[in-house]
Amino acid sequence: MARIVMKFGGTSMAGSERIRRVANIVRRQQAAGHEVAVVVSAMAGETDRLVNFCREANALYDPAEYDVVVSSGEQVTSGLLALTLQSMGCKARSWLGWQLPMKTVEAHAKARVDEIDSEALIAAMQSGQIAVIPGFQGVSDENRITTMGRGGSDTSAVAIAAAVKADRCDIYTDVDGVYTTDPRIVAKARKLKYVTYEEMLELASVGAKVLQTRSVSLAMKENVRVQVLSSFIDENAPLADEIPGTMIVSDDEMEELHMERQLVTGIAHDRNEARIVLTRVPDKPGAVSSVFGPLAEASINVDMIIQNVGRDKGETDVTFTVPQADLARAQALLEDKRDAIGFNRIITDAHVAKVSVVGVGMKSHAGVAATMFKALAERGINVQAISTSEIKVSVLIDEDEVELAVRVLHTAYGLDRVDDTVA
Ligand code: ADP
Ligand code: ASP
Ligand code: MG
């Protein structure tokens with residue numbers, strides 16, 4: 001008997017028919033003799049709809065109230081799944097964030113799991129109850145509802161798995177594993193049977209939304225065994241133990257598997273970037289900190305940064321990217337600090353995207369970036385900014401060119417699938 005946390009994403013939960021399919025997978029997993037807890041997302045599109053309502057109500061919305069609104073989608077699906085399971089004769093009960101409780105810290109809309117009181121949950125699971133937990137939501141020190149950032153149900157699931165010491169955390173989604181790139185963009189993408197925590201972490205952090213970044217770092221830290229697999233399976237398909245998804249493994253396990261490692265593991269893209277240029281910032285010590293200090297205080301993550309050579313002596317242009325969702329706030333904040341920073345103009349562009357290549361092989365091989373720039377240049381794709389880490393290279397390009405860039409790079413690094421085998 002194993003203890004398993006199962007997570008179902010938005011597409012898997014979109015409508016009564018699909019919830020019934022999910023309930024059937026959960027019911028069968030429990031019937032096979034396991035203790036199960038299920039974490040669910042809101043129905044596909046629901047969170048976007050709720051976010052739009054917040055924007056319409058107040059463009060510079062208060063994150064605490066935003067959390068109240070957007071967390072509701074998961075409340076609906078957790079209740080519906082519990083009801084559906086009950087209709088199949090299972091003992092099922094929903095556990096909202098405050099009922100667990102799932103305590104979180106830090107900013108609203110980007111909350112981090114701090115601690116989960118798992119005693120009651122474990123007792124319920126041991127008594128044969130299927131615990132259905134809305135993903136994405138937690139509760140703050142002040143007893144207010146929080147949410148954990150878009151895609152946060154993955155992190156809820158991993159956190160629950162760590163708290164109840166689950167044998168496995170199965171992330172069911174609308175694709176059957178982690179691919180070399182988004183299989184919806186590149187038909188020749190290859191499914192990876194195994195991927196290391198480190199590579200998955202980097203892929204997620206640069207936009208491969210199949211897993212939320214924090215879920216991967218938490219899994220790595222807490223040693224949670226995570227598997228990605230499809231919920232779109234036949235009624236009588238084999239259970240998770242037998243179907244081939246993608247298993248996230250440690251570096252050591254990967255070594256033991258003797259898998260052939262590619263230089264580049266995967267390619268990801270992120271359309272949620274926005275570019276800000278501040279012109280004629282004084283070129284003196286402290287100027288850069290007067291720009292980025294206030295953004296950090298407002299919990300706005302700055303990603304790529306370029307400081308251009310000043311056109312005029314003593315002045316420089318500072319270019320950087322922030323998440324699109326934070327653009328309005330960042331802009332308002334910087335306008336507010338205009339005198340203190342001393343810039344001339346603020347230019348923003350939300351029509352940009354980031355494309356990244358990721359691979360542990362880069363640690364020991366030069367030339368990955370050069371291949372990238374050459375392949376993009378041959379297709380006339382202009383690079384607006386660059387950033388690198390030990391195992392990735394990212395470029396900022398025009399949003400219209402994203403899909404072409406991903407395809408071109410997938411081919412350039414030899415990742416295209418040639419037959420039906422998995423990597
Ligand atoms: P869920 O609603 O189940 O959480 P998401 O939409 O968040 O699902 O994540 C699954 C999607 O991630 C897939 O439909 C796919 O388009 C996208 N995706 C992006 N990169 C990858 C990748 N490398 N491998 C698999 N899927 C990817
Ligand atoms: N419903 C939330 C979102 O769309 C959380 C999730 O699906 O993981 O971002
Ligand atoms: Mg997701």
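Residues numbered from 1 in each chain as written. Chains lettered and ligands numbered in written order. Predicted model: local features only at pLDDT ≥ 70, side-chain atom pairs only at ≥ 80, totals over all residues. Heavy atoms only, no water.

A. A look at the overall build of the chain. What the chain contains, in helices and strands, is 14 helices and 20 strands. The C-alpha radius of gyration of the chain comes to 23 Å, within 12% of the 22 Å expected for a compact globule of 423 residues. Dimensions of the chain along its principal axes, counting C-alpha atoms only, are 75 × 50 × 35 Å. Counting every position in the chain, which comprises 423 residues, the buried fraction comes to 50%. The long-range share in the chain, meaning contacts at least 24 apart out of those at least 6 apart in sequence, stands at 75%. With the model as given, the accessible surface of the chain reaches about 19300 Å², and the carbon-plus-sulfur share is 47%. In the chain, 45 positive and 59 negative side-chain charges are present, and the distance between their average locations comes to 2 Å. (Helix = DSSP H or I, 4+ residues; strand = E, 2+ residues; numbered from the N terminus. Rg over C-alpha atoms; globule rule 2.2 N^0.38 Å. Buried < 20%, exposed > 50% of the residue type's maximum accessible area, 1.4 Å probe, protein only. Contact = heavy atoms within 4.5 Å. Areas by Shrake-Rupley, 256 points an atom, 1.4 Å probe, with all protein chains shown as cover. Lys, Arg positive; Asp, Glu negative; His and termini not counted. Charge placed at Lys NZ, Arg CZ, Asp CG, Glu CD.)

B. The arrangement of unusual backbone geometry in detail. Residue P101 is bonded to the preceding L100 through a cis peptide linkage, with omega at -10°. Backbone geometry places F136, a non-glycine residue, at a positive phi of 80°. Considering the arrangement of structural elements, one finds F136 in the loop between strand 6 (130-134) and strand 7 (137-139). At N143, a position not held by glycine, the phi torsion is positive, near 65°. Positionally, N143 belongs in the loop between strand 7 and strand 8 (145-147). We classify N143 as exposed; its relative accessible area is 66%.

C. Spatial organisation of the site of ligand 2. Neighbouring residues of ligand 2: S41, T47, E74, F136, R150, G151, G152 and S153. Within the side chain of R150, a nitrogen or oxygen atom sits 2.6 Å from an oxygen atom of ligand 2. One of the backbone nitrogen or oxygen atoms of G151 is found 2.8 Å away from an oxygen atom of ligand 2. When ligand 2 is considered free in solution it has 260 Å² of accessible area, and contact with the protein chains removes 86% of it. Classifying every residue of the shell around ligand 2 gives one nonpolar, five polar and two charged. (Near = heavy atom within 4 Å. Polar contact = N/O pair within 3.5 Å; in protein donor to acceptor, adjacent residues only side chain to side chain. Nonpolar A, V, L, I, M, F, W, Y, C, P; charged D, E, K, R; others polar.)

D. The arrangement of the sheet that holds strand 17 (residues 346-349) in detail. With respect to topology, four strands assemble into an open sheet ordered 15-16-14-17, the strand pairing being antiparallel. Each end of this open sheet is capped by a strand with a single partner; those strands are strand 15 (305-307) and strand 17. Strand-to-strand, the axes of this sheet are offset by a mean angle of 15°, without reference to chain direction. Pairing of strand 14 (residues 273-282) with strand 16 (residues 315-323), which is carried by eight bridges, proceeds in the antiparallel orientation. (Pairing = 2+ DSSP bridges. Axes fitted to C-alpha atoms, helices over the stretch in contact; angles between N-to-C directions.)

E. Region of interest: the domain arrangement of the chain. We note that the domain assignment places domain 1 (3-174 + 194-255) and domain 2 (266-412) within the chain. The C-alpha centroid of domain 2 is placed 31 Å from the C-alpha centroid of domain 1. Each partner contributes residues to the interface: domain 1 has 10 residues there, and domain 2 has 20 residues. In terms of surface lost to domain 2, no three residues of domain 1 exceed K110, E202 and V206, which account for 41% of the buried area on that side. At the surface where domain 1 touches domain 2, the tally comes to three salt bridges. Our count for the contact surface shared by domain 1 and domain 2 stands at five residue pairs in polar contact (both at pLDDT 80 or more). (Domains from an automatic or database assignment. Buried area = accessible area lost by both parts, 1.4 Å probe. Salt bridge = Lys/Arg side-chain N within 4 Å of Asp/Glu carboxyl O.)

F. Highlighting the pattern of salt bridges. Under the definition given, this model contains 23 salt bridges. Between E253 and R225 there is a salt bridge whose closest N-O contact spans 3.2 Å. Here E253 is found in helix 9 (residues 251-257), whereas its partner R225 is found in the loop between helix 8 (213-222) and strand 11 (226-230), with 28 residues between them in sequence. Residue class for E253 comes out partly exposed when judged on its relative accessible area of 25%. Of the residues examined, R225 reaches a relative accessible area of 33% and is grouped as partly exposed. Here the residues in one salt-bridge network are R271, E399, E403 and R407, joined through shared partners.

G. Region of the structure containing the site of ligand 1. The environment of ligand 1 is formed by 17 residues, the closest being T173, D174, Y179, D182 and R184. Here K7 contributes a side-chain N or O atom positioned 3.1 Å from an oxygen atom of ligand 1. With respect to ligand 1, the backbone of Y179 contributes an N or O atom lying 2.9 Å from a nitrogen atom. About the coverage of ligand 1: the protein hides 90% of its 570 Å² of free accessible area. Of the residues assigned to the shell around ligand 1, the class counts are six nonpolar, six polar and five charged.

H. Highlighting the packing of aromatic side chains. Enumeration according to the criterion identifies three aromatic pairs in this entry. Ring geometry for F292 versus F320: centroids 5.0 Å apart, planes at 75°, classification edge-to-face. Here F292, found in helix 10 (residues 287-297), pairs with F320, found in strand 16; they are 28 residues apart in sequence, far enough to count as distant. The class of F320 is buried, set by a relative accessible area of 0%. (Phe/Tyr/Trp six-rings, centres within 6.5 Å; stacked < 30°, edge-to-face > 60°.)

I. Focus on helix 8. Inspection of helix 8 places S215, V216, L218 and A219 among the buried residues, and these make up the whole buried set. For helix 8, the angular spread of the buried residues around the axis is 165°, confining them to a single face. Each element contacted by the buried residues of helix 8 is listed here: helix 6 (153-163), helix 7 (197-205) and strand 11. Backbone geometry just downstream of helix 8 places N223 in the positive-phi region, at approximately 60°. (Arc of directions from axis to C-beta.)

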